[in-house]
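Each chain, letter by letter, is given below.
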Amino acid sequence: MRRLSGGKESVRFQILARQFALPSTVTMIALFYVPLLIILAYSLLTRGPYGGVMLPLTLESYRRVFDPLYGQIFWRSIWIAAVSTALCLILAFPLAFYIARSGGRKTLLLNLVMLPFWTSFLIRTYAWMFLLRDTGLINTALLAVHAIREPLPLLFNDGAVILGLVYGYLPFMVLPLYATLEKLDDSLLQAAADLGATPWVAFWRVVIPLSKPGAVAGSLLVFIPCLGAYLTPDLMGGGKTVMIGNLVQNQFTTARDWPFGAAFSLLLMLIVLGTTRVLGKRGEELL
Amino acid sequence: MRRLLAVYAGIAYLFLYAPLAVLAVFSFNASKIAVWQGFTLHWYGSVFHNPALLEGTLNSLVIAGAATVISTILGTLAGYAIWKRRMPWLTNSLYLSLLSPEIVTGVSLLAFFAWVFRFGHVQLGMHTVILAHISFSLAYVVLVILARLRTFDPTLEEAGLDLGATEWEVFRRITAPMLLPGIVAAALLCFTVSFDDYVITSLVAGVDSETLPMMVYAMARKGVSPEVNALSVMITVGLGSLILTAGRLERRGR
């Protein structure tokens, strides 16, 4: 059983706990909430002549967020994130199911899934660039055996971005799925078999419905970072695939239209808030 | 069915590890292009003779080191506090910071620093990067500490209180020493996420604070080179061993 609070004597620790929480509370206010409030303020200001911000207050940036030109980037990001999430779900489910039924090797197999996740995201993206580019390993090998005459356009397109995202966030899907599948009682499957269900029927009608909480949590845990992705579309999408993250980065660096970039960041943050609400307490337990 | 699943799992692990393995193999390739022409350690040597990369590594170590020390102290205290009384506001804030997209965290900190700098002649640099890293790594520390505390027996603390220790003494002399493997694990994890970060760092870094990931990024943009492969292998092996150590510490004494 999980022990959330520190025992019966907790009451004596209340003052100490409050003191201990203070530095982190101040840090979160100063370095998380205040910056978000400043983004909110910037989103309502006018772009200054040298890239800064100035008065008057205006809703112009928000109007532009819903401009069809940028709306297209918004929907494209949602689409890419949704496809990546669906692919993660399909790919992770059998793997999580396998790990959950692996007896003593469970922890090892799960850690093997998580290990690449903790190593550099940038390097893992670079590894795929090394494989997929025109002069990369796959194209070089295919050209060498004369399977193709010209390099296949594997990199710098939407497909490459989706591949990069699936590769990057697959562990986020495996983890919560594993958590629900591991709790699945074998006797339920036996009961289904006793009642005449084939393994497939038992799988579809018992395992799948019972793993729904993990699938929902995993989907949101993958969808959120995919929607806000910056590095993957930047490196693997080339100039053609622009997602919200790239747009925001561009507005704060090259284009220097901070109010517009701020409005788009807030929109992204609102979507994240919305999805975490759906995720609710379940997310806390699984993270 | 079982065998089919095993085959599938094998392919899935191949998918996870093959790209990194291929990268590692070709970091020893004598040729600059993706054709094997013989074994060499030349690219590893050239990484060590690149002064810019060495400076970037030093910057990354200083930033990750400073952020880790501060985040680990703050996060350990916060984790303990959350364990003692629920503190929903702090807990939710930490989860939110964990889930908010890196790009949003990055630009909001950039806007924040730009706003603060209006009141003084400060510039972006190592200090802003360190502050940014504290803000996003704090939640990781708290998560590890809380996971550790959930297996901790509070009756040990009660015994301390019964024997006349104050709450602070109980924490200092009983809980903190027993938590130590968890604290070290949290610090290692924190160091890794800090050392690795590119997106947030690139937004709040100044001219004097270019980190190693920023250099890897710049090189990756220019194109693939065996030097980047060698560098990537060294970073991956270094951080990977930190994570494995953290994992072993985390499990020890459970």
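Just so we're clear, the structure is a prediction, and the values are computed from it rather than from any experiment.

Draft legend 1. Region of the structure containing the overall build of chain B. The secondary structure content of chain B amounts to 11 helices and 0 strands. Moving toward the C terminus, one meets the helices and strands of chain B in the order α-α-α-α-α-α-α-α-α-α-α. Its C-alpha atoms give chain B principal-axis dimensions of about 70 × 65 × 35 Å. When each of the 254 residues of chain B is scored for burial, the buried share is 48%.

Draft legend 2. Quick look at the domain arrangement of chain B. Residues and elements named next belong to chain B. According to the domain assignment, chain B consists of domain 1 (1–40) and domain 2 (41–251). Between the C-alpha centres of domain 1 and domain 2 the distance comes to 30 Å. Per-class residue counts for the side of domain 1 that touches domain 2 are 4 nonpolar, 3 polar and 1 charged.

Draft legend 3. Molecular detail of the nonpolar core. Formed by 164 residues in total, the largest nonpolar core has its most connected members in Ala96(A), Met129(A) and Val174(A). If you count residues domain by domain, this core takes at least three from each of domain 1 (1–40) and domain 2 (41–251) of chain B. Excluding anything up to four places from it in sequence, Met129(A) contacts Leu155(A), Leu235(A), Met236(A), Ala220(B) and Val224(B).

Draft legend 4. Just the interface of chain A and chain B, in detail. Each partner contributes residues to the interface: chain A has 76 residues there, and chain B has 79 residues. In the side of chain A that touches chain B, the residues fall into 49 nonpolar, 20 polar and 7 charged.

Draft legend 5. Structural view of the packing of helix α3 (residues 68–100) of chain A against helix α7 (residues 158–183) of chain A. All names here are of chain A. Where α3 meets α7, the closest approach of the two axes is 6 Å, and the angle between their N-to-C directions is 40 degrees. The orientation of α3 relative to α7 falls into the category oblique. Helix-helix and strand crossings are classified by hand; for α3 and α7 the assignment is right-handed. Residues belonging to the contact of α3 with α7 are distributed by class as follows: 24 nonpolar, 1 polar and 2 charged.

Draft legend 6. Expanded view of the confidence of the model for chain B. Per-residue pLDDT for chain B has a mean of 88; in total, 99% of the residues score no lower than 70. Here the complex is predicted with pTM 0.89, and the ipTM for its interfaces comes to 0.88.

Draft legend 7. Local environment of the environment of Met215(B). Residues and elements named next belong to chain B. Relative to the helices and strands, Met-215 is located in helix α10 (residues 212–222). Under the C-beta neighbour-count criterion, Met-215 is labelled buried, with 21 such atoms within 10 Å. On a C-alpha basis, the gap between Met-215 and Ala-52 in space is 8.5 Å, while along the polypeptide they are 163 residues apart. Other than its neighbours up to four places away in sequence, Met-215 contacts Ala-52, Leu-53, Gly-56 and Glu-210.

Draft legend 8. Structural view of helix α5 (residues 102–116) of chain B. In a regular helix each residue adds 1.5 Å, so 15 residues correspond to 21 Å; α5(B) covers 21 Å between its end C-alpha atoms and thus fits that length. Burial analysis of α5(B) places 12 of its 15 residues in the buried class, the great majority of the element.

Draft legend 9. Local environment of unusual backbone geometry. The residue His146(A) is not glycine, and still its phi comes out positive at about 60 degrees. The residue His146(A) is located in the loop between α6 (137–144) and α7 in this model. Since 7 C-beta atoms lie within 10 Å of it, His146(A) is described here as exposed. Despite not being glycine, Met87(B) shows a phi value in the positive range, around 50 degrees. Within the secondary structure, Met87(B) sits in the loop between α3 (51–84) and α4 (88–99). With 20 C-beta atoms packed within 10 Å, Met87(B) lands in the buried category.

Draft legend 10. Quick look at the packing of helix α4 (residues 106–118) of chain A against α7(A). Residues and elements named next belong to chain A. It is the contact of α4 with α7, at a shortest axis distance of 9 Å, that shows an interaxial angle of 150 degrees. Put simply, α4 runs roughly antiparallel to α7. The interaxial crossing formed by α4 with α7 has left-handed handedness. Across the interface between the two elements, Leu-110, Val-113, Met-114 and Phe-117 from α4 touch Pro-171, Val-174 and Tyr-178 from α7. Looking at the contact of α4 with α7 residue by residue, the classes come out as 7 nonpolar, no polar and no charged.

Draft legend 11. Just α4(B), in detail. In a regular helix each residue adds 1.5 Å, so 12 residues correspond to 16 Å; α4(B) covers 16 Å between its end C-alpha atoms and thus fits that length. Of the residues making up α4(B), those classed as buried are Ser93(B), Leu94(B), Ser97(B) and Leu99(B).

Definitions and limits used
Residues numbered from 1 in each chain as written. Chains lettered and ligands numbered in written order. Predicted model: local features only at pLDDT ≥ 70, side-chain atom pairs only at ≥ 80, totals over all residues. Helix = DSSP H or I, 4+ residues; strand = E, 2+ residues; numbered from the N terminus. Buried ≥ 20, exposed ≤ 12 C-beta atoms within 10 Å, placed from the backbone. Domains from an automatic or database assignment. Nonpolar A, V, L, I, M, F, W, Y, C, P; charged D, E, K, R; others polar. Core = buried A, V, L, I, M, F, W, Y, C linked by C-beta atoms within 7 Å. Contact = placed C-beta atoms within 7 Å. Axes fitted to C-alpha atoms, helices over the stretch in contact; angles between N-to-C directions. Parallel < 35°, antiparallel > 145°, perpendicular 65-115°, else oblique. Left-handed = near helix turned anticlockwise from the far one by under 90°. pLDDT = per-residue confidence, 0-100. Expected span 1.5 Å × (residues − 1).

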